[in-house]
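# Working through the structure, step by step
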Amino acid sequence: MAPEASPPSKDGETPVPYAPTTAEFLEEQASPEFGELRKAHRSFAFPLTVAFIVWYLAYVLLSNYAGDLMGTKLFGNINVALVLGLAQFLTTFLIAWFYSRHANAKLDPKAEAIKSRLEGGA
């Protein structure tokens, strides 16, 4: 969705939209609502990021030091390394989808309320 543009004024110049001051930003940053938004983001993003990095590094370490395990054929020419490698892609897409759902449900409404409050100071 494109941002809404202000209609040109009668003298032909586009009016400048309201911009919050530094003091207003700092006041909002100190508000409980902003703290809740930050907590909702961090409590989701940090653990998931750590879990994915551990999963990724485990795959790399297994590939490097557990060649026999990774080379174990499951069926045909499909081995453990290929299945785990493809699982890396799957988990990446699942995390992106899961984060999108989380952001839409928990983060976006709080962020929109903060944005409206800041822009409403005109």
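Data block above holds the structure.
In short, a report on the structure.

Basis of the calculations
- Residues numbered from 1 in each chain as written.
- Predicted model: local features only at pLDDT ≥ 70, side-chain atom pairs only at ≥ 80, totals over all residues.
- Heavy atoms only, no water.
- Salt bridge = Lys/Arg side-chain N within 4 Å of Asp/Glu carboxyl O.
- Helix = DSSP H or I, 4+ residues; strand = E, 2+ residues; numbered from the N terminus.
- Buried < 20%, exposed > 50% of the residue type's maximum accessible area, 1.4 Å probe, protein only.
- Phe/Tyr/Trp six-rings, centres within 6.5 Å; stacked < 30°, edge-to-face > 60°.
- Axes fitted to C-alpha atoms, helices over the stretch in contact; angles between N-to-C directions.
- Parallel < 35°, antiparallel > 145°, perpendicular 65-115°, else oblique.
- Left-handed = near helix turned anticlockwise from the far one by under 90°.
- Contact = heavy atoms within 4.5 Å.
- Nonpolar A, V, L, I, M, F, W, Y, C, P; charged D, E, K, R; others polar.
- Patch = residues over 30% accessible without salt bridge, like charges linked within 9 Å, V, L, I, M, F, W, Y side chains within 5 Å.
- Areas by Shrake-Rupley, 256 points an atom, 1.4 Å probe, with all protein chains shown as cover.

## Details of the pattern of salt bridges
The final tally for this structure, using the stated rule, is two salt bridges. A salt bridge links Arg117 to Glu28, with the nearest nitrogen and oxygen atoms 2.5 Å apart. One end of the pair, Arg117, is in helix H4 (residues 80-119); the other, Glu28, is in helix H1 (residues 22-29), and 89 residues separate them in sequence. Its relative accessible area of 10% is what places Glu28 among the buried residues. For Glu33, the salt bridge is made with Arg117, and the minimal N-O distance between the two is 3.8 Å. Here Arg117 lies in helix H4 and Glu33 lies in helix H2 (residues 32-65), a separation of 84 residues in the sequence. Salt bridges sharing partners connect three or more residues here, namely Glu28, Glu33 and Arg117.

## Quick word on the packing of aromatic side chains
Applying the stated rule across the entire model yields two aromatic pairs. Pairing Phe44 with Phe98 gives two aromatic rings, centres 5.2 Å apart and planes at 50°, and the pair type is tilted. Separated by 54 residues along the polypeptide, Phe44 in helix H2 and Phe98 in helix H4 bring together distant segments of the chain. For Phe44, a relative accessible area of 12% corresponds to the buried category. Look at Phe98 and you get partly exposed, because its relative accessible area is 41%. Here the aromatic cluster, defined as three or more aromatic residues joined through ring pairs, consists of Phe44, Phe98 and Tyr99.

## Quick look at the packing of H1 against H4
For the pair H1 and H4, interaxial distance at closest approach is 11 Å and the crossing angle is 150°. One finds that H1 runs roughly antiparallel with respect to H4. Relative to H4, H1 is oriented so that their crossing is right-handed. Counting all contacts with H1, which are made through Glu24, Phe25 and Glu28, the residues of H4 involved are Ile114, Arg117 and Leu118. Here the contact of H1 with H4 is built from residues that sort into three nonpolar, no polar and three charged.

## Some details on a nonpolar patch on the surface
Taken together, the side chains of Ile53, Tyr56, Leu57, Val60, Leu61 and Tyr65 make up a nonpolar region of the molecular surface, amounting to roughly 630 Å² of accessible area. Within the secondary structure layout, Tyr65 lies in helix H2. Judged by relative accessible area, Tyr65 falls into the exposed class, the value being 67%.

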